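# Structural overview
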Amino acid sequence: MQFRFIIAAAAAFALSFGGTQRASLAFDPPAAPPSVTPAPLEAPSPAASPGPAASSPFASPASPAPTSANVTPSAPPTPPTGRRLADFKVTADRIAFYSNRYIMEADGHVVVALGDGTHIAGNTFFYDLRLNRFVIAGAVRVTAALTEVKGAAFAEYFDFDRAYFLPILSQPDRWTFVAGDYAHPRFGRLEPGDTFFLPDLSGERVFLYAKNALVDPKQSVRFTPARINFGLTFVPFPTYFLNFSANPLFAQNALTGAYADGPLDFAGGEHSLATAHVRYDSIDHAFGAFELHEVSDNSYIVVSANPITRPLKQYNLLTFDRITPGVQIQSQIQETAFQSGFSRPLSATAYANVQLTASLAHSYLRLNDNSYFDSLLARPSTFGYDNGEQVYYYDDPTHPWIPDHPSNIQLTWSGFRHQINQLPIYFQLRSEAGVDTDTITPLQQLGGVNYYKEYDKALGIDITTKNITLRADPSGRHRDIYFTALFDRQREWFSLPHHIDTQVATGSITKVFDPQVIVLASYSNTNTGDFYGAQQSSAYPGSALYFNPFTGQTLQVSPGFRGFGTVRSFAQSLVFVPSEAIAFTTNMRENDDFPRPIPGTLQIIGDGLGYLNYGVTPYELDLDVRFRISRVFLLDVSRSNYFGFGGNQRWSQQFNFQVEK
Amino acid sequence: MRNGPQRWIYVLVAAVAVFVGSNGSNGLPARAASIPTPVDSAVMQTPPPLSATATPSPSGTLVKFAGQILDYRGGYCFFTTGDAYRIAPDVRIVDAATGGPTKLLPQTRVYARAGFDSGTGAIVELALSGKKLPDEASYQSVKKFAVAMSTEVPNPDLGTGEGFNGKPVPVIFVVEVPPKTPFGDQIYLATDASGWSATAIRMDRIDALHYKVTRTYPSGTRLLYRYTRGSWQSADVDQNGLAMHSRLLLVRNTDIQSRNDVVYSWQDENRFSPDNGSALPTPFNPVPFNLPPHR
């Protein structure tokens, strides 16, 4: 069994391309060194740099290269110009990119062509993509306006518009160029201490090799031609586009989950990124997908098609825009189509959500709209009969025509969390008004009357506590016992005269045995009551059978159910973290609910098969062990066990091999 | 003032330097300027000291230092500190481990232990290695041998004040999550250094409301980060309901650093649907008042 997981992990690792995936379930994006303040930093002068770097100035920086500074440099003497953001090109006999460090290395006949026309040639080149600085060393020749000067090394700090050069004339010298003004070098100026340090990349994994690289500073690099490391071999590609923007909006993901995901960014720029994916899951097996990002500082559009190589396709469109500092709008539109290639779909459904949020003083308003389009296509001509009822379908009965278009719209108001006096107790208020509509299938039937539209309004409050120390450790080692509580109460009124009360009460106790070992126990009780008054028995006849109009299932409900349910959940957790390298977590949960949960059918849930249960499984045990294999590799093994439910759910297992930094 | 020959040397130096005009104000990269005439800058320099050992006299005493070679040419050996040192005509190039002959060449990236004649300041022995060599004497003891035409002048960019020395600093992230966070959910730290993966760094629960993780970064690190529950659809949002801006961490030269953050809400949190255990087959859940999941 373990071999299967190891093989799966290895295959997924190869698929991951090791470099830039951000949607993968199995793997995370390549770990990269955090961006270090890109300042011209520590001067080599011992007097000016009392730190460790000064004590061993000849030593190469440790891995990752420490970048140190005496101070953040003063503002550049000239305003920022396009020069520092201009694309530049690197050609060499061999360019290597280290995805874990976000460092590009080039060797042999290196030529760097800056955006202002300057050419710098040398033997060896290093570019730190995040620090946005490079150094080129060995037989350096700097050429501009047909003038060439030879030297030993040249370093460029784009973010600070500083370049440092070690020319060799009759003797060596130190020159500093400010704001691209090569006409007026500052002679003899002390450089930052690590200006010419060469990063130690021994032991680092090369993600790709190339001969040309076009760099858009702080945004992207296009490598051509690229040979990408697939673990066992390097596979040639005509080009590889690397996006390393610090903008988190590029990480928005419009793809559904998959066991393994291999993204290949093939086009893009400062505001866009196009990615082809090779994915795998247990339903579609290996398949292709596509995703496109259009991103600015305050907005994004993400489009995806997944899978594109199977008939059942899902198209997603995510949008977001911060209209003003206090207002944002976001939407999600999803279409699911059964189609051959990209021909006219046999059947198609859609879902749309639009959310508008506006912040107020100590609260915010949100308008939320959901719309479901159960069949986007016109009514087909083919039909059959189901229990004597005429039903239409596209081509075959597995693609039924469902004309429903349910929707709801809600306007909610949510207050901030407020502390009650100086007590460790907080409260938060909320209210809501909305309407639900379905003109085809009634939302509800009561007394023989169909209701196609329902208005509702709601009020709610939650009261929470901070950690309250029940018993302080007299030794002062903080092996304390804490108590935390949550109480939530909500009432929702409907136009069909009834109301639903929901009340949640949760209490948790944490015992710290040691900073490395904690035990947590939590008990939660949720009561939900649907109050119809005199019509209670009509709305809830207490039948043992319940027909769910949305799944078509007739379910065996606990006898005696009259619209009042209770969920009782007792959970315990043990967390043991002996070091940064090892973590062990176990969670146990027991539920005693009314109505009793009902085992569901085996259905496609997400990227695999699962049981679509009604209610919470009574018992669950989760085990998770994480072990850090190396600086960037983390092994995570987790296992979930479900007991005594449906007779067919015993355990599930996950094996996660993660790249982390 | 410089004497005549020196002055001409500097005029010549300036004349052959690389000069490119700075950008215009339109944000577009400017083209390289025509040959500049930085004579004024050059002649205003103070006379360049050749080194502290301008009149060498061999002493026979060796001072050894280990470092990495940046370049080796023109009778000089450059180290990654940016310093250039004279090479004695009869320099011995040996293997750092054995002291015997070596196949390594003194060139960029090669590690070297340089033996300086304390009298001449020149390198008389260069022991090469493909691996980093242990430190020997201090930088100060060889700094005086460095050769440069220009007088060393302070760099106003470096100024004064606190600096970063790049030492590894354990950073403890502690986050308080909303009380309604589902009990079994995992909390993750997403950072720009990990490509904003929503599951980049998993945190460990320390009590009912708090999660913690410790990561070590060199001081000077500037890290952007967010908290998630495993996806960007369940990322943290601000108390005002709007999407969060990335949180910023700047690692200082401390022995340990901690960040205490609060997540007020998650993006997928529906405050009007208390978590009462998925879809019970009842009229109040999931239909008709919470619309069904999309088929």
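Along each chain, the written sequence defines residue order, and numbers are assigned to residues from 1. All chains are assigned letters beginning at A, and all ligands numbers beginning at 1, according to the order in which they are written. Only residues with pLDDT of 70 or above have their local features reported here, since the model is predicted, and side-chain atom pairs are shown and tallied only from 80 upward, although totals for entire chains, interfaces and linings are computed over all residues. Values reported for side chains reflect all heavy atoms of the structure, with hydrogen atoms and water molecules removed beforehand.

### Quick word on the overall build of chain A
The secondary structure content of chain A amounts to three helices and 42 strands. Only protein chains enter the accessibility calculation, which uses a 1.4 Å probe; a residue whose area is less than 20% of its type maximum is buried, one above 50% is exposed, and one in between is partly exposed. Across the 661 residues that make up chain A, the buried fraction comes to 55%. Residues are treated as being in contact if the distance between any of their heavy atoms lies within 4.5 Å. Pairs at least 24 residues apart make up 50% of the contacts formed inside chain A by residues separated by at least 6 positions. Method for areas: the Shrake-Rupley scheme with a 1.4 Å probe, in which residue coverage is limited to the protein chains shown. Only carbon and sulfur atoms are counted for the fraction: they give 61% of the accessible area of chain A, which is about 27100 Å². Only runs of H or I of at least four residues qualify as helices and only runs of E of at least two qualify as strands under DSSP, and these elements are numbered from the N terminus.

### Let's talk about the overall build of chain B
Of the regular secondary structure elements, chain B holds three helices and 15 strands. Taking all 295 residues of chain B together, the buried fraction comes to 56%. When contacts within chain B are restricted to residue pairs at least 6 apart in sequence, long-range pairs at least 24 apart make up 68% of them. Roughly 12000 Å² of accessible area belongs to chain B as shown, and the carbon and sulfur atoms make up 56% of that amount.

### A few points about the sheet that holds strand 9 (residues 204-205) of chain B
Residue and element names in this part refer to chain B. As summarised here, the arrangement of the four strands in space is 9-10-6-14, forming an open sheet in which the pairing is mixed. Each edge of the sheet is formed by a strand with only one pairing partner; in this case those strands are strand 9 and strand 14 (257-262). Bridge analysis of strand 6 (residues 168-176) against strand 14 gives six bridges, and the strand direction is parallel. Its bridge partner lying in strand 14, V171 is registered against Q257. For two strands to be treated as a pair, DSSP must find at least two bridges joining them.

### A few points about the packing of aromatic side chains
Residue and element names in this part refer to chain A. Note on ring pairs: Phe, Tyr and Trp rings are taken, using the six-membered ring of Trp, and paired if centres are within 6.5 Å. Classes follow the plane angle, with under 30 degrees stacked, over 60 edge-to-face and the rest tilted. Scanning the entire structure with this criterion turns up 37 aromatic pairs over all chains. For the pair Y392 and W401, a centre-to-centre distance of 5.8 Å together with 90° between the ring planes defines the contact as edge-to-face. What makes Y392 buried here is its relative accessible area of 16%. W401 sits in the partly exposed class, given a relative accessible area of 22%.

### Brief notes about the confidence of the model for chain B
All names here are of chain B. Per-residue confidence for chain B gives a mean pLDDT of 75, with 69% of residues at or over 70. As a per-residue quantity, pLDDT reports the predictor's confidence and falls between 0 and 100. Here helix 2 (residues 39-43) is the element of chain B with the lowest mean pLDDT, 35, and strand 14 is the one with the highest, 96. Segment residues 10-57: pLDDT under 50, and 131 contacts once partners within four positions in sequence are set aside and those in other chains are kept. Taken as a whole, residues 274-295 scores under 50 in pLDDT and shows 79 contacts with residues more than four places along the chain or in a different chain. Both scores are given for the predicted complex: the pTM is 0.76, the ipTM 0.80.

### Describing a nonpolar patch on the surface
Residue and element names in this part refer to chain A. Side chains of I323, I329, V354, L356, L360, L365, L367, I409 and L411 sit close together on the surface and give an oily, nonpolar patch of about 640 Å² of accessible area. Mapped by element, the contributors of at least two residues to the nonpolar patch are strand 20 (347-360), strand 21 (363-373) and strand 24 (407-415). In terms of residue count, the dominant contributor to the nonpolar patch is strand 20 (three residues). Within the secondary structure layout, L360 lies in strand 20. Note on L360: relative accessible area 40%, which makes it partly exposed. By definition, no residue in a patch forms a salt bridge, and every one has over 30% relative accessible area; like charges are joined within 9 Å, nonpolar side chains (Val, Leu, Ile, Met, Phe, Trp, Tyr) within 5 Å. Any carboxyl oxygen of Asp or Glu that lies within 4 Å of a side-chain nitrogen of Lys or Arg is treated as forming a salt bridge with it.

### Quick notes on the layout of surface pockets
A cavity here means a set of points on a 1 Å grid, drawn over the protein atoms and nothing else, where a 1.4 Å probe fits but cannot get out; a pocket is an open set with protein on both sides within 12 Å along at least five of seven lines, and a residue lines either one if it has an atom within 4 Å of a point. Grid points are joined across faces, edges and corners, and a volume is the space filled by probe spheres set on the points. By volume, the second largest pocket amounts to about 850 Å³. Forming the boundary of the second largest pocket are 37 residues, of which A246, N247 and P248 of chain A together with L224 and S246 of chain B lie nearest the centre. The element best represented in the lining of the second largest pocket is strand 11 (residues 222-228) of chain B, accounting for three residues. Split into classes, the residues belonging to the lining of the second largest pocket amount to 16 nonpolar, 13 polar and eight charged. Residue classes follow a fixed rule: Ala, Val, Leu, Ile, Met, Phe, Trp, Tyr, Cys and Pro count as nonpolar, while Asp, Glu, Lys and Arg count as charged, and any other residue, Gly among them, counts as polar.

### Re unusual backbone geometry
Residues apart from glycine generally show negative phi values, whereas peptide bonds are mostly found in trans. Residues and elements named next belong to chain A. Geometrically, the link from N306 to P307 is a cis peptide bond, its omega value of -10° lying close to zero. Turning to its location among the elements, P307 is positioned in the loop between strand 17 (299-306) and strand 18 (312-324). Positive phi values are uncommon outside glycine, yet A139 reaches one of about 50°. Structurally, the position occupied by A139 is in strand 4 (residues 133-144). Overall, A139 belongs to the partly exposed group, its relative accessible area being 23%. The phi dihedral of D395 falls on the positive side, at around 70°, and the residue is not glycine. The residue D395 is located in the loop between strand 23 (389-392) and strand 24 in this model.

### Re the pattern of salt bridges
Evaluated as defined, the whole model comprises 38 salt bridges over all chains. Put simply, R202 of chain B and D636 of chain A hold a salt bridge, and the shortest N to O gap is 3.4 Å. Residue R202 of chain B is located in strand 8 (residues 201-202), and its partner D636 of chain A is located in strand 41 (residues 633-643); the two belong to separate chains. The burial state of R202 of chain B is the same as that of D636 of chain A; both residues are buried.

### Notes on the pairing of strand 13 (residues 247-250) of chain B
Residue and element names in this part refer to chain B. Burial along strand 13 is one-sided: R247 and L249 are buried, while L248 and L250, pointing the other way, are not. As paired elements, strand 11 and strand 13 share four bridges and run antiparallel to each other. Bridge pairing in strand 13 links L224 to L248.

### Structural notes on the sheet that holds strand 8 of chain B
Within a sheet, adjacent strands bond to each other through the backbone by hydrogen bonds, running parallel or antiparallel. Here we have four strands laid out as an open sheet, ordered 8-7-11-13 (chain B), and antiparallel in their pairing. Single-partner strands in this sheet number two, and they are strand 8 and strand 13 of chain B.

### Examining the nonpolar core
We define a nonpolar core as any set of buried Ala, Val, Leu, Ile, Met, Phe, Trp, Tyr and Cys residues linked to one another through side-chain atoms lying within 4.5 Å. Formed by 42 residues in total, the largest nonpolar core has its most connected members in M104, F125, F134, F154 and F223 of chain A. Element by element, the count of residues in this core is highest for strand 1 (residues 88-98) of chain A, at five residues. Contacts of F125 of chain A, omitting those with residues within four sequence positions, involve F88, V90, M104, E105, A106, V110, V112, F134, V135 and I136 of chain A. A155, L198 and L201 of chain A together with F78 of chain B belong to the second-largest nonpolar core, a separate cluster that totals 23 residues.

### As for the pairing of strand 12 (residues 234-237) of chain A
Of the pairings in the sheet, the one linking strand 11 (residues 226-229) of chain A to strand 12 of chain A comprises four bridges and is antiparallel in character. The residue bridging I228 of chain A from the neighbouring strand is V235 of chain A, located in strand 12 of chain A.

### Some thoughts on the environment of R626 of chain A
Along the chain, R626 of chain A falls in strand 40 (residues 619-628). For R626 of chain A, a relative accessible area of 6% corresponds to the buried category. Here the alpha-carbon distance between R626 of chain A and S638 of chain A, two residues 12 residues apart in the chain, equals 8.4 Å. When sequence neighbours within four positions are dropped, the list of residues in contact with R626 of chain A reads A581, I582, A583, T585, L634, L635 and D636 of chain A together with R202 and D204 of chain B.

### Quick notes on the side chain of Q252 of chain A
For Q252 of chain A, the position within the fold is in the loop between strand 13 (240-243) and strand 14 (260-268). Not counting chain neighbours up to four residues away, the residues in contact with Q252 of chain A comprise E291, H293, Y300 and V302 of chain A together with W232 and Q233 of chain B.

### Remarks on the confidence of the model for chain A
Here chain A averages 81 in pLDDT, while 81% of its residues score no lower than 70. Segment residues 1-80 of chain A: pLDDT under 50, and 270 contacts once partners within four positions in sequence are set aside and those in other chains are kept.

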